[in-house]
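# A closer look at the structure
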Amino acid sequence: MSALSLEKLRLINFRSYEKISWSCEPGINIIYGPNGVGKTNLLESIGYLGIARSFRQKKDQQLINWGHHLFKIKGNCIIGGEPTEIEIVYQKNKKELTINGFKSKFLQLLGIIPVIYFGPDDLNLLKGAPAYRRNFLDREISILDKIYCRNLQEYRKILLQRNDLLKSIKEGQASKNELEPWNIQLIDIGTKIIKKRSVFLNEIMPFINSLYQKIGRNENLSLIYKPNIEDPNEWRNKIAINKNKEIQTGNTLWGPHRDDFSFYINNYDARNFASQGQQRTAILVLKIAEAQYFEKVIGKMPILLFDDVFSELDEFRQCALLDLLVNSNQAFITTAEINKLPQNLINNATIWEIYSGKICKKI
Amino acid sequence: MYYPGPLNKLITALGKLPGIGPKTAQRLAFHLLNTSDSEAQGLATAIMEAREKIHYCSICGNFTSEDICRLCADSNRDRTIVCVVEEVRDVIALEKTNQYRGLYHVLNGVISPMDGVGPDKLRIKQLLTRLQEGEIKEVVLATNADVEGEATALYLANLLKPLSVKVTRLAYGLPVGGDLEYADQVTLARAFTGRHIIE
Ligand SMILES: [Zn+2]
């Protein structure tokens, strides 16, 4: 087990921050300030160090502070006792990554600073559109598995190319026999993605089970993977039989880009049959399970980013989250009302206040 | 307009070159203005001469100043094996490995529907003509390891299946993105020795 913590965060023109240099603390950091002051932006920048993307699904261009043309995020971490510096600069539609001063590819970043983000929007994981859940799967598995991430990039490219070709065929500008090379790759790479999604959901289940038993009071929570298609032979047949349909629509109709998974509580689909409280618990459990699973797989506890979630939870669920926090190396928790946080959390944390773009320690 | 007309024209022209942004274009233009007459003339002549004298080899598609290129003309090279690559620069990358002694065939591109490039836009007919002559026994598909390179290799493998030639693919354990040009020589050499037959 190697401990991971962020020591220093420097931002230039990132969101609401023109320029800050913040020396945060190991353990629990509570960040408070009124709504709209930039608390989530701060968590977003830490998350960005983990996957070089915004977990709010925003385009990089939108992350630049208004009126500027670049943003820079620099993080100094201690990983298993070793100092590590990561810097990401975005300008002119291009990102550059340096790790310890060396220009690096983005795949190399994955897994160095694993982060788990938990915010109010995460209820969409249960209630939102399938794309939300696919994004979740892709982000989490990519952190654990660079090959998965590369396969995803390949798959997206194959889809773009194949859909373009389907349209060209419809317009009579290409012939049907040009499809086969793309079909082969679609199924080959697609099957790899499907397998890894299935493995991920299976492996995270034991963590979810034992957590939900504790918090959910003798109920059962399970995540059921619903692949759009699973068997490569069946897939090949579908494509062959429905060739004209795909050409007519100009769209690839089968594949993991149409996957989904569902939450079941005691064998009922939680989206339709669970109470608001049960749904919140399910998401909470998923997040904690993820942290535990990450720790097991990559050997370090991820940095936890909890965005204004405590006030939504009852005392019982707050306790579960506190348990996780106690076992973590570092966590960042935002809130607009500090008096709504559990007292024993406040007692064990460093408190920071944000105002007019600055972060100040409260003593 | 910040610059007098002719200077503006030069900057615009330089800015159209690949990898040259407006700032670099400006710097190059200023440099060219400050350089000696003979040096500037030398550059202009070099550009015109290269354009005039360099063309594609009528056999393999490599650059040459003769009718056929140095590699196709070399009687010491193995004429039973041909290596199919996307671009001329891939020929150079493979030559640097000193691993390969056969012939080449440059496709002049790669299948990419998004860019409007189908098989008919590549030098595939010329490849089939070469194969019909019967001397070639093995075709090595050395397109890049990205999805377009792979699609091109799969397309060719299927096309060549009825012919009595062995079709092999480079054993890519190549770096991410799989650009042949950027692979180091050891990796490329290894990819060559480990090439496998496409079913
Ligand atoms: Zn030649």
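Note on numbering: residues in each chain are counted from 1, in written sequence order. All chains are assigned letters beginning at A, and all ligands numbers beginning at 1, according to the order in which they are written. The predicted origin of the model limits local features to residues at a pLDDT of at least 70 and limits the giving and counting of side-chain atom pairs to 80 or more, whereas totals for whole chains, interfaces and linings rest on all residues. Excluded from the side-chain calculation are hydrogens and water; included are all heavy atoms of the structure.

### Regarding the domain arrangement of chain B
Each domain span listed reflects an automatic or database assignment of domains. What the domain assignment lists for chain B is domain 1 (5-53) and domain 2 (63-197). Distance between the C-alpha centres of domain 1 of chain B and domain 2 of chain B: 34 Å.

### Notes on the coordination of the zinc ion
With distances of 2.2 to 2.4 Å, the protein atoms coordinating the zinc ion are Cys57 of chain B (SG), Cys60 of chain B (SG), Cys69 of chain B (SG) and Cys72 of chain B (SG). Coordination geometry of the zinc ion: the 4 donor atoms subtend angles of 105 to 115° at the metal centre, consistent with an arrangement described as tetrahedral. For Na, K and Ca the donor cut-off is 3.2 Å; for every other metal, N, O and S atoms count as donors within 2.8 Å. Water does not enter the count, which can leave sites looking incomplete. The rule is simple: four donors are tetrahedral if all their angles sit between 85 and 135 degrees, four are square planar and six octahedral if opposite donors span more than 155 degrees and the others lie between 65 and 115, and anything that fits none of that is irregular.

### Quick word on the sheet that holds strand β4 (residues 103-106) of chain B
Residue and element names in this part refer to chain B. Taken together, 5 strands build an open sheet; the order of strands is β4-β3-β5-β6-β7 and the sheet is mixed. Single-partner strands in this sheet number two, and they are β4 and β7 (196-197). When DSSP locates at least two bridges between a pair of strands, those strands are taken to pair. Each helix is a run of H or I in the DSSP string that is no shorter than four residues. Each strand is a run of E no shorter than two, and both are numbered from the N terminus. Here strand β5 (residues 138-141) pairs with strand β6 (residues 166-169) via 4 bridges, running parallel. Each bridged residue has a counterpart across the sheet, and for Val140 the counterpart in β6 is Thr168. Running over the sheet, helix α5 (residues 88-96) touches β3 (81-85) and β4 and is turned about 155° from β4. It only takes one pair of heavy atoms within 4.5 Å for two residues to be counted as in contact. Fitting a line to C-alpha atoms yields each axis, with helices limited to the stretch in contact; the angle taken between N-to-C directions then spans 0 to 180 degrees. The sheet strands contacting helix α6 (residues 124-132) are β3, β4 and β5, and the helix crosses β4 at an angle near 150°.

### Some thoughts on the packing of aromatic side chains
All names here are of chain A. When the centres of two rings from Phe, Tyr and Trp lie within 6.5 Å, Trp using its six-membered ring, the rings pair. Their planes under 30 degrees apart give stacked, over 60 give edge-to-face, and anything left gives tilted. Applying the stated rule across the entire model yields 17 aromatic pairs over all chains. Taking 5.5 Å as the distance between ring centres and 20° as the angle between the ring planes, the aromatic pair formed by Phe71 and Tyr90 counts as stacked. Placement of the pair is Phe71 in strand β4 (residues 70-79) and Tyr90 in strand β5 (residues 82-91), with a sequence separation of 19 residues. A simple rule labels every residue: compare its accessible area, found with a 1.4 Å probe on the protein chains alone, to the largest value its type can have, and call it buried under 20%, exposed over 50%, or partly exposed in between. Judged by relative accessible area, which is 0%, Phe71 ranks as buried. Members of the aromatic cluster, connected to one another through ring pairs, are Phe136, Phe200, Phe207, Phe261, Phe263 and Tyr293. When the ring centre of Phe106 is taken as origin, the NZ or CZ atom of Lys95, which lies over that ring, is 5.6 Å away. A ring is scored as having a charge over it whenever the NZ atom of a lysine or the CZ atom of an arginine sits within 6 Å of its centre and within 35 degrees of its normal.

### Concerning the nonpolar core
All names here are of chain A. For our purposes a nonpolar core is just a set of buried Ala, Val, Leu, Ile, Met, Phe, Trp, Tyr and Cys residues, chained together by side-chain atoms within 4.5 Å. Ranked by size, the top nonpolar core spans 104 residues in total, and within it Phe263, Phe306 and Leu325 carry the most contacts. Those residues in contact with Leu325 that lie beyond four places of it in its chain are Ile28, Leu304, Phe306, Phe310, Ala331, Ile333 and Leu345. Leu11, Trp22, Trp352 and Ile359 belong to the second-largest nonpolar core, a separate cluster that totals 40 residues.

### Focus: the pairing of strand β9 (residues 221-226) of chain A
Residue and element names in this part refer to chain A. On β9, burial follows the alternation: Leu221, Leu223 and Tyr225 on one face are buried, whereas Ser222, Ile224 and Lys226 on the facing-out side are not. Here β9 runs beside strand β10 (residues 260-265); their pairing, made up of 6 bridges, is antiparallel. Its bridge partner lying in β10, Ser222 is registered against Tyr264.

### Quick word on unusual backbone geometry
Residue and element names in this part refer to chain A. Not every positive phi belongs to a glycine, and Asn267 is a case in point at roughly 70°. Within the fold, Asn267 resides in the loop between β10 and β11 (268-269). Here Asn267 falls in the exposed class, since its relative accessible area comes to 71%. One non-glycine residue, Asp308, lies in the positive phi region at around 55°. The class for Asp308 is partly exposed, based on a relative accessible area of 27%.

### Regarding the pattern of salt bridges
Residues and elements named next belong to chain A. When a carboxyl oxygen of Asp or Glu is within 4 Å of a side-chain nitrogen of Lys or Arg, the pair counts as a salt bridge. Within this structure, the stated rule accounts for 20 salt bridges over all chains. For Asp138, the salt bridge is made with Arg156, and the minimal N-O distance between the two is 3.8 Å. Here Arg156 lies in helix α5 (residues 146-170) and Asp138 lies in helix α4 (residues 130-144), a separation of 18 residues in the sequence. Residue classification places Asp138 among the buried residues on the basis of a relative accessible area of 9%. Note on Arg156: relative accessible area 37%, which makes it partly exposed. Arg197 is the partner of Asp259 in a salt bridge, and the nearest nitrogen-oxygen pair spans 3.0 Å.

### What to know about the packing of helix α10 (residues 276-298) of chain A against helix α11 (residues 315-327) of chain A
Residues and elements named next belong to chain A. Viewed as axis vectors pointing N to C, α10 and α11 meet at an angle of 5°, and their least axial separation amounts to 11 Å. In terms of orientation, α10 and α11 fall into the roughly parallel class. Contact residues: α10 offers Gly277, Gln278, Thr281, Leu284, Ile288 and Ala291, while α11 offers Arg317, Ala320, Leu321 and Leu324. Residue polarity is assigned by list, with Asp, Glu, Lys and Arg as charged and Ala, Val, Leu, Ile, Met, Phe, Trp, Tyr, Cys and Pro as nonpolar; anything else, Gly included, falls into the polar class. Its residues assigned to classes, the contact of α10 with α11 comprises 6 nonpolar, 3 polar and 1 charged. Each angle is binned into one of four classes, with values under 35 degrees roughly parallel, values over 145 roughly antiparallel, values of 65 to 115 roughly perpendicular, and all other values oblique.

### As for the interface of chain A and chain B
Taken together, the contacts link 16 residues of chain A with 14 residues of chain B. Buried surface area refers to the total accessible area, computed with a probe of radius 1.4 Å, that the two partners give up upon joining, counted for both partners together. Summing the contributions of chain A and of chain B, the shared interface buries around 1400 Å²; its carbon and sulfur component is 67%. With its nearest N and O atoms 2.8 Å apart, the salt bridge here joins Lys157 of chain A to Glu148 of chain B. Any pair of nitrogen or oxygen atoms within 3.5 Å is treated as a polar contact; in protein, a donor-acceptor pairing is required on top of that, and neighbouring residues in sequence qualify only through side-chain atoms on both sides. Put simply, chain A and chain B have 5 residue pairs in polar contact (both at pLDDT 80 or more) between them. Looking at the side of chain A that touches chain B, the elements that each hand over two or more residues are α5 and α6 (180-215) of chain A. At 8 residues, the largest contribution of residues to the side of chain A that touches chain B is made by α5 of chain A. The class makeup of the residues in the side of chain A that touches chain B is 7 nonpolar, 3 polar and 6 charged.

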